[in-house]
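Next come the chains, spelled out residue by residue.
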Amino acid sequence: MEPGVRTAFPDTWPELALGGGEDFELLVAAPAAQVEQLVAGWPDALAPLTLVGRLVAGSGLSLLDREGGSAVEPPAIRSRHFA
């Protein structure tokens, strides 16, 4: 997410960040024990890796406003690239 979006749009930043459709990134899940090694060995020539969350046992989705923060309602996804 572009720096300053959360400040400029304090009430709608989750919708913009998750459903705006302007950013295209790949999402990868990796075992926790391998994440540090993966990040450390990532080539400088590629876009940097950004840790955005973690998978835990259970079902459903919990979206937090920050690490260890409060749950927020997932926003509506407005972009549909292959509708």
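Residues numbered from 1 in each chain as written. Predicted model: local features only at pLDDT ≥ 70, side-chain atom pairs only at ≥ 80, totals over all residues. Heavy atoms only, no water.

Examining the overall build of the protein
For the protein, the count of helices and strands is three helices and two strands. Across the 83 residues that make up the protein, the buried fraction comes to 10%. Partitioning the contacts of the protein with sequence separation of at least 6, the portion at a separation of at least 24 is 42%. With the model as given, the accessible surface of the protein reaches about 7,700 Å², and the carbon-plus-sulfur share is 57%. (Helix = DSSP H or I, 4+ residues; strand = E, 2+ residues; numbered from the N terminus. Buried < 20%, exposed > 50% of the residue type's maximum accessible area, 1.4 Å probe, protein only. Contact = heavy atoms within 4.5 Å. Areas by Shrake-Rupley, 256 points an atom, 1.4 Å probe, with all protein chains shown as cover.)

Details of the environment of A32
Relative to the elements of secondary structure, A32 occurs in helix α3 (residues 32-40). We classify A32 as exposed; its relative accessible area is 71%.

Looking at the pattern of salt bridges
Overall, the coordinates contain two salt bridges when judged by the stated rule. E67 is the partner of R54 in a salt bridge, and the nearest nitrogen-oxygen pair spans 2.9 Å. Here R54 is found in the loop between α3 and β1 (63-64), whereas its partner E67 is found in the loop between β1 and β2 (71-72), with 13 residues between them in sequence. As far as the burial class goes, R54 and E67 line up, both exposed. In this structure, the salt-bridge partner of D65 is R66, at a minimum N-O distance of 2.9 Å. You can call D65 buried: its relative accessible area is 16%. On the basis of relative accessibility, which here comes to 49%, the residue R66 falls in the partly exposed class. (Salt bridge = Lys/Arg side-chain N within 4 Å of Asp/Glu carboxyl O.)

Some remarks on the confidence of the model for the protein
For the protein, per-residue confidence averages 80 on the pLDDT scale, and residues scoring 70 or more make up 84% of the total. For the protein, per-element mean pLDDT is lowest for helix α2 (residues 13-19), which scores 76, and highest for α3, which scores 89. (pLDDT = per-residue confidence, 0-100.)

Description of a nonpolar patch on the surface
Taken together, the side chains of L38, V39, W42, L46, L49 and L51 define a hydrophobic patch exposed on the protein surface, amounting to about 520 Å² of accessible area. Relative to the elements of secondary structure, V39 occurs in helix α3. We classify V39 as partly exposed; its relative accessible area is 38%. (Patch = residues over 30% accessible without salt bridge, like charges linked within 9 Å, V, L, I, M, F, W, Y side chains within 5 Å.)

Thoughts on the environment of G53
Relative to the helices and strands, G53 resides in the loop between α3 and β1. Owing to a relative accessible area of 65%, G53 belongs among the exposed residues under this scheme. C-alpha separation for the pair G53 and E67, spaced 14 residues apart in sequence, amounts to 8.2 Å.

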